[in-house]
Amino acid sequence: HSIFSTTSSSTESVKNSGATEPTTKELTGKPIDNCEPTEPDYSKPSPSIAQNLPLLKKLSKNRRKQLEKRQTRNQLAENLFDEFYTAQYDTRWPPLLAALRNPHRYCAMTNKYACQKSIESYLPSDAQQVPFLDIPCYISNDKFTPPTADGSGITIVYHLDASSVLATKALDVQPDDNILDMCAGPGGKTLSILQRLSHSGYLTSNEPSVSRRVRLQRVINNYIPPSMLHRVTVISSVSTYPPLFDKVIADVPCSNERHLLQNETEFVRWNDRHSKKLLSTQYTILWDSIKMVKIGGIVVYSTCSINKCENDGVIEKFLDKSRMNIEIVRREYEVGESTDYGWIVLPDKSDGWGPLYFCVLKKLNK
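Here the structure is a predicted model, which is why all the values come from computation and not from measurement.

1. With respect to the pattern of salt bridges
- Tallied over the full model, the rule gives twelve salt bridges.
- For arginine 105, the salt bridge identified is with aspartate 351, shortest N-O distance 2.9 Å. Of this pair, arginine 105 sits in the loop between α3 (93-101) and β2 (107-110) while aspartate 351 sits in the loop between β13 (343-345) and β14 (356-365), and the two are 246 residues apart along the sequence.
- The exposure class assigned to arginine 105 is buried, which follows from its relative accessible area of 2%.
- On the basis of relative accessible area, aspartate 351 is assigned to the exposed category, the value being 54%.
- Several salt bridges converge on common partners, so that one network encompasses Arg92, Glu337 and Asp348.

2. Points about the UniProt feature "binding site: S-adenosyl-L-methionine" (unreviewed entry) in the protein chain
- The positions that UniProt labels "binding site: S-adenosyl-L-methionine" (unreviewed entry) are, in the present scheme, Cys183, Ala184, Gly185, Pro186, Gly187, Gly188, Lys189, Glu207 and Asp251. A stretch of 69 residues holds the annotated residues, and the largest C-alpha distance among them is 12.8 Å, short enough that they meet in one place.
- Considering the arrangement of structural elements, one finds glycine 185 in the loop between β6 (178-181) and α6 (188-194).
- Classification of glycine 185 as buried rests on a relative accessible area of 3%.

3. Looking at unusual backbone geometry
- A cis geometry characterises the amide bond from glycine 185 onward to proline 186, with omega recorded as 0°.
- The topology assignment puts proline 186 in the loop between β6 and α6.
- Put simply, glycine 354 and proline 355 share a cis peptide bond, and its omega is 10°.
- Here proline 355 is to be found in the loop between β13 and β14.
- Positive phi, normally seen in glycine, also occurs at asparagine 256, with a value near 50°.

Analysis parameters
Residues numbered from 1 in each chain as written. Predicted model: local features only at pLDDT ≥ 70, side-chain atom pairs only at ≥ 80, totals over all residues. Heavy atoms only, no water. Salt bridge = Lys/Arg side-chain N within 4 Å of Asp/Glu carboxyl O. Helix = DSSP H or I, 4+ residues; strand = E, 2+ residues; numbered from the N terminus. Buried < 20%, exposed > 50% of the residue type's maximum accessible area, 1.4 Å probe, protein only. UniProt positions renumbered as here; feature names shortened; annotations may be inferred.

Have a look at this one:
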């Protein structure tokens, strides 16, 4: 979830659902290197005004000043950004930054409610199943085409970062679980959870944002058959709900640095104060999630941030301040690496997937 926008914040992306759609390049099964432009591209941050001087001389005086000011602003943001994350990642930061600048990598998560023959016809001939996931998701050297619907009108696949599916795998969904998705828009994690539930399971998807809630409902309507719609409820607040859920996943609003690096308008507004403001929101959502789960239940706290303060930092604060008896559930996964309290998938060492952080907490008593 982006700190500046509620409409383009997740590593998820959907066709035919109202969600922001990945470009054709983004839908390839493997990362695509950026093509070098034949001329300087002034829509992207430039490390030096001097190298663009030939073109600047051809511009009007006012336009030249505007470009110089924008480039200065971009450079300042880059310097602050580099300094902040170098302090966290040290010598790993340059390769991690390069990986974050690459286009998002997407897989095609198949929809178990859709016609299997339609799915098989859709997937490229070289499609391979993502080995570290427990539900069928595919990658390909070919570009994925936009998702289509089967003969019953059910959309057959959903495009998203495989690390998002890994977070729902950590939730350890059982077929008859009663689950809460705390920050459900635009719908990829909700859909991933529904792939694991049976006709006796139940999912409540909470999304406070009106626009994201509309997109979430559209995803559910497009992907879930009418016979299963009564098993999922979309709400705008959990304030009136008692602690009755077996599992809760909280994919909280976060700095979403990979999105920022690919959006100049938002990137130039970055500073570490934005992250500090988010910490209170993240902590509150985690606290509410713990309250919503039954004793013995599981909460998965997740972000798509690389900022350690928003990840392990929030967990550490909760453990320090909470009087609840909480256990951190540790487990190894096939992709990613462990942190002090959880697990993180970073694109420089995870074949382009991520970033995605999650921590699994078990509520032992009140």
